[in-house]
Amino acid sequence: MRNKLQTTTDEIAFLMEAGIVYRDAHEFKEAETVFRGVRELLPSSEVPDVALGTLRFEQGDLPGAVKHYRQALDKNPQSAYAHSHLGEAHLFLRQSPEAREHLQRAIALDPRGDTGKFARGLVELLAIVERG
């Protein structure tokens, strides 16, 4: 009989930070390996899927980012984190109605937090883009 690997919250946070460092250093293969590993450890969490989406976004694969953000929302439709990043991807795809919908949803879900603040900044950017 196999024992399931038990990880602590601190260990998961460390792994996510390592994946982010790899992503930001453009070590995309390593970042993907880390984020996919965390997804295996936390199959019901949307966070690794959002991280995989940010990886695709960083690589310029906006449709791939949207796919991961939607997978995250399938796991947690109330995730301000996933809604804000999905809104950002739609903004860069020049899909204003979709961007606005997800950004407003993120703001409603996290009106005073960092994710809401991020989404409000993107709404301001969206207004600038729409004005042309």
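A few points on the structure. (Residues numbered from 1 in each chain as written. Predicted model: local features only at pLDDT ≥ 70, side-chain atom pairs only at ≥ 80, totals over all residues. Heavy atoms only, no water.)

Turning our attention to the overall build of the chain. Secondary structure summary: the chain contains seven helices and zero strands in total. Of the regular secondary structure in the chain, the N- to C-terminal order runs α-α-α-α-α-α-α. Taken over C-alpha atoms, the radius of gyration comes to 15 Å for the chain, in line with the 14 Å a tight globule of 132 residues would show. The principal-axis extent of the C-alpha atoms belonging to the chain is close to 60 × 30 × 20 Å. Of the contacts made within the chain by residues no fewer than 6 positions apart, 45% connect residues no fewer than 24 positions apart. Accessible surface for the chain amounts to roughly 8000 Å². Of this, 53% is attributable to carbon and sulfur atoms. Distance from the positive charge centre (17 side chains) to the negative charge centre (20 side chains) of the chain: 4 Å. (Helix = DSSP H or I, 4+ residues; strand = E, 2+ residues; numbered from the N terminus. Rg over C-alpha atoms; globule rule 2.2 N^0.38 Å. Contact = heavy atoms within 4.5 Å. Areas by Shrake-Rupley, 256 points an atom, 1.4 Å probe, with all protein chains shown as cover. Lys, Arg positive; Asp, Glu negative; His and termini not counted. Charge placed at Lys NZ, Arg CZ, Asp CG, Glu CD.)

On the surface, Phe92, Leu125, Ile128 and Val129 cluster together into a nonpolar patch covering about 320 Å² of accessible area. In terms of residues, the nonpolar patch owes the most to one element, helix 7 (residues 114-131), which gives three residues. Counting through the fold element by element, Val129 comes out in helix 7. For Val129, a relative accessible area of 32% corresponds to the partly exposed category. (Patch = residues over 30% accessible without salt bridge, like charges linked within 9 Å, V, L, I, M, F, W, Y side chains within 5 Å. Salt bridge = Lys/Arg side-chain N within 4 Å of Asp/Glu carboxyl O. Buried < 20%, exposed > 50% of the residue type's maximum accessible area, 1.4 Å probe, protein only.)

With 18 residues, helix 7 extends 26 Å between its outermost C-alpha atoms, agreeing within 8% with the 26 Å of an ideal straight helix rising 1.5 Å per residue. Those residues of helix 7 hidden inside the fold are in contact with helix 5 (80-92) and helix 6 (96-109). In the segment just after helix 7, Gly132 is the residue with positive phi, at about 80°. (Expected span 1.5 Å × (residues − 1).)

Here we come to the pattern of salt bridges. Overall, the coordinates contain six salt bridges when judged by the stated rule. Between Arg56 and Glu32 there is a salt bridge; the shortest N-O distance is 3.0 Å. Within this pair, whereas Arg56 is found in helix 3 (residues 47-58), its partner Glu32 is found in helix 2 (residues 28-41), the two being separated by 24 residues in sequence. Using a relative accessible area of 14% as the deciding quantity, one classes Arg56 as buried.

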